[in-house]
Amino acid sequence: MNQYMQDSRLTKLDPRTLTLDPAMQARDVELIKDKRLRSAQEIKQEAQDKAILEDLRNGVPIKLPITVFIVNDIYLVVDGFHRTNACLKYLKENPDSDLMIEALVVKNRTYKEAFFAAQEANQAHGVGVTPDEVMQSKFRAMIVTGDFNKSVSEIAKTIGCSQGQAAHIARGLKVCMAVLGDFDRSELTHLKDFTEYLQNGINSKYALNDSSWDSKGFPKIRRLSDAITGKEFIPDDENREQELIEAATKDFNRLIERYDPDIFREGLRKLTRGMGLGISISKRDKWLEQAGSVQGSDTNYDVNTLDEDDF
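The numbers attached to residues start from 1 for each chain and follow its sequence in the written order. Two thresholds apply to this predicted model, a pLDDT of at least 70 for residue-level local features and 80 or more for giving and counting side-chain atom pairs, whereas whole-chain, interface and lining totals are computed over all residues. Here the side-chain values reflect all heavy atoms present in the structure, with hydrogen atoms and water set aside.

Colleague: When you look at the overall build of the protein chain in this model, what are you seeing that I'm missing?
Modeller: Helix and strand assignments follow DSSP, with helices taken as H or I runs no shorter than four residues and strands as E runs no shorter than two, numbered in order from the N terminus. A tally of regular secondary structure across the protein chain gives 10 helices and 4 strands. When its helices and strands are written in sequence order, the protein chain yields β-α-β-β-α-β-α-α-α-α-α-α-α-α. Remark: exposure states derive from per-residue accessible area (1.4 Å probe, protein chains only) relative to the maximum for the residue type, with buried under 20%, exposed over 50%, and partly exposed in between. Evaluated residue by residue, the protein chain yields a buried proportion of 39% over its 311 residues. The Shrake-Rupley method, run with a 1.4 Å probe sphere, supplies the accessible areas, and residue values consider only the shown protein chains as cover. For the protein chain, the accessible area works out to roughly 18,300 Å², and carbon and sulfur atoms hold 50% of it.

Colleague: Can you walk me through the nonpolar core in this structure?
Modeller: Considering soluble globular proteins, one finds that nonpolar side chains tend to be buried as a cluster. Counting 61 residues, the largest nonpolar core has Ile143, Ile169, Phe194 and Ile202 as the members making the most contacts within it. With 8 residues, the top contributor of residues to this core is helix H6 (residues 163-180). Excluding anything up to four places from it in sequence, Ile169 contacts Met135, Phe139, Ile155, Ile159, Cys161 and Ile221. Take the buried Ala, Val, Leu, Ile, Met, Phe, Trp, Tyr and Cys residues and link them wherever side-chain atoms come within 4.5 Å; each set so joined is a nonpolar core. Contact criterion: two residues are considered in contact whenever any of their non-hydrogen atoms come within 4.5 Å of each other.

Colleague: Help me understand the pattern of salt bridges in this model?
Modeller: For side chains of opposite charge, pairing can occur when their charged atoms come near one another. For salt bridges, the criterion is a side-chain nitrogen of Lys or Arg within 4 Å of an Asp or Glu carboxyl oxygen. For the structure shown, the criterion picks out 11 salt bridges. A salt bridge links Glu46 to Lys50, with the shortest nitrogen-to-oxygen separation between them at 3.4 Å. Of this pair, Glu46 and Lys50 both sit in helix H1 (residues 35-57), separated by 4 residues, roughly a single helical turn. Glu46 sits in the partly exposed class, given a relative accessible area of 43%. Where Arg222 meets Asp226, a salt bridge forms, and the shortest distance between an N and an O atom there is 3.0 Å. Of this pair, Arg222 and Asp226 both sit in helix H8 (residues 221-228), separated by 4 residues, roughly a single helical turn. Taking relative accessible area as the criterion, Arg222 reaches 43% and is therefore assigned partly exposed.

Colleague: How should I be thinking about the packing of aromatic side chains in this particular structure?
Modeller: Aromatic rings considered in pairs are described by the distance between their centres and by the relative angle of their planes. Any Phe, Tyr or Trp ring, taking Trp's six-membered ring, that has another such ring centre within 6.5 Å forms a pair; planes under 30 degrees apart are called stacked, those over 60 apart edge-to-face, and the others tilted. A full pass over the atoms with the stated rule returns 5 aromatic pairs. When the ring of Phe115 is compared with that of Phe218, the centres are 6.1 Å apart and the planes differ by 25°; the resulting orientation is stacked. Of this pair, Phe115 sits in helix H3 (residues 111-124) while Phe218 sits in the loop between helix H7 (192-203) and H8, and the two are 103 residues apart along the sequence. Under the relative-accessibility criterion, Phe115 is labelled buried at 0%.

Colleague: Whenever I open this one, H1 confuses me. Can you help?
Modeller: Given 3.6 residues per turn, any residue in an α-helix points the same way as the ones three and four places further on. In this model, H1 (23 residues) spans 33 Å end to end at C-alpha, consistent with the 33 Å of a helix rising 1.5 Å per residue. Within H1, burial applies to Arg38, Gln41, Gln45, Ile52, Leu53 and Leu56. Of the residues one or two after H1, Gly59 is the one with positive phi, at around 85°. Any helix carries an expected span of 1.5 Å times its number of residues minus one.

Colleague: Could you clarify how one ought to interpret the side chain of Ser211 in this entry?
Modeller: As for its position among the elements, Ser211 is in the loop between H7 and H8. With a relative accessible area of 13%, Ser211 lands in the buried category. Pairs of N or O atoms are called polar contacts if they sit within 3.5 Å, as long as, within protein, a hydrogen donor faces a hydrogen acceptor (for residues adjacent in sequence, only side-chain-to-side-chain pairs). A distance of 2.9 Å separates polar atoms of two side chains, one belonging to Ser211 and the other to Asn209.

Colleague: Whenever I open this one, the sheet that holds strand S4 (residues 101-106) confuses me. Can you help?
Modeller: In a beta sheet, neighbouring strands pair by backbone hydrogen bonds and run either parallel or antiparallel. When DSSP finds two or more bridges between a pair of strands, those strands are recorded as paired. Across the sheet, 4 strands lie side by side as S1-S4-S2-S3; this open sheet has mixed pairing. With one partner strand each, in any of the chains shown, strand S1 (8-13) and strand S3 (74-79) form the two edges of the open sheet. Averaged over all neighbouring strand pairs, the angle between strand axes comes to 40°, with direction disregarded. Alignment of S1 against S4, held across 6 bridges, turns out to be antiparallel. Bridge pairing links Thr11 to Ala103 in S4. An axis is simply a line fitted to the C-alpha atoms; with a helix, the fit covers only the stretch in contact. Between two such axes, the angle follows the N-to-C directions and lies from 0 to 180 degrees.

This is a description of form; function is not addressed.
This is the structure:
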């Protein structure tokens, strides 16, 4: 990050003018293999997010400046996702507020530079970023920046891993270099086209299942390495079941956010009635009475606005 300091300035910004690109977030708890540790990290992050928002509600400002890169006139948050998101939630609750957030603003940067800086910044702090997350984050950064020509020893030193892990990374980088070919990174403004190109190229050579990709669309290090060497990945029953449960949970969370809890549970109650799933959901009036202050939603929802993948 120090190489960008000459183009930086410390100022205050309106959080509503900032862009939160998910690709800039190095955290990826799905990479944590131990489900208890993964759950613990999710709980810690949720608690931290709530604490930041509660501070804002109590008049306590964000103390640590965020970092913003200006890329093609877009103000990309490189470091400070959760702080910025808390500010946006607060402003949604208080739309007339003049809340500003202190930021280190770096001008005249490329998307590639922003992505690399974000991966580096997010490894240095946060709620218990695990070695697996850090490793994958550095792997992503090397792919985006085209840093393909390091030896196994150089990778081990750069990333801070064992020779064996570095060998897996080196193997994956060679394949990524081959499939990306002459992909033009100079005009890169988002990751979608880049990761789609990368995935299509890798899938044309090796059979990777859906769980072989991280949340940003990059291949997981060991899954790609095993595919290259001909090792077939067969998840054990517990891991496969956990993957499916997590996928279902994410789908349900999206629906709850779309329709709010009241509408969601009423739709679920009607859907599961008579299906023999052993799911018992009390009637709406009884639930509202028990919930006390909870009120039913009067919002009119158009079922035609539901995305095809919402189910």
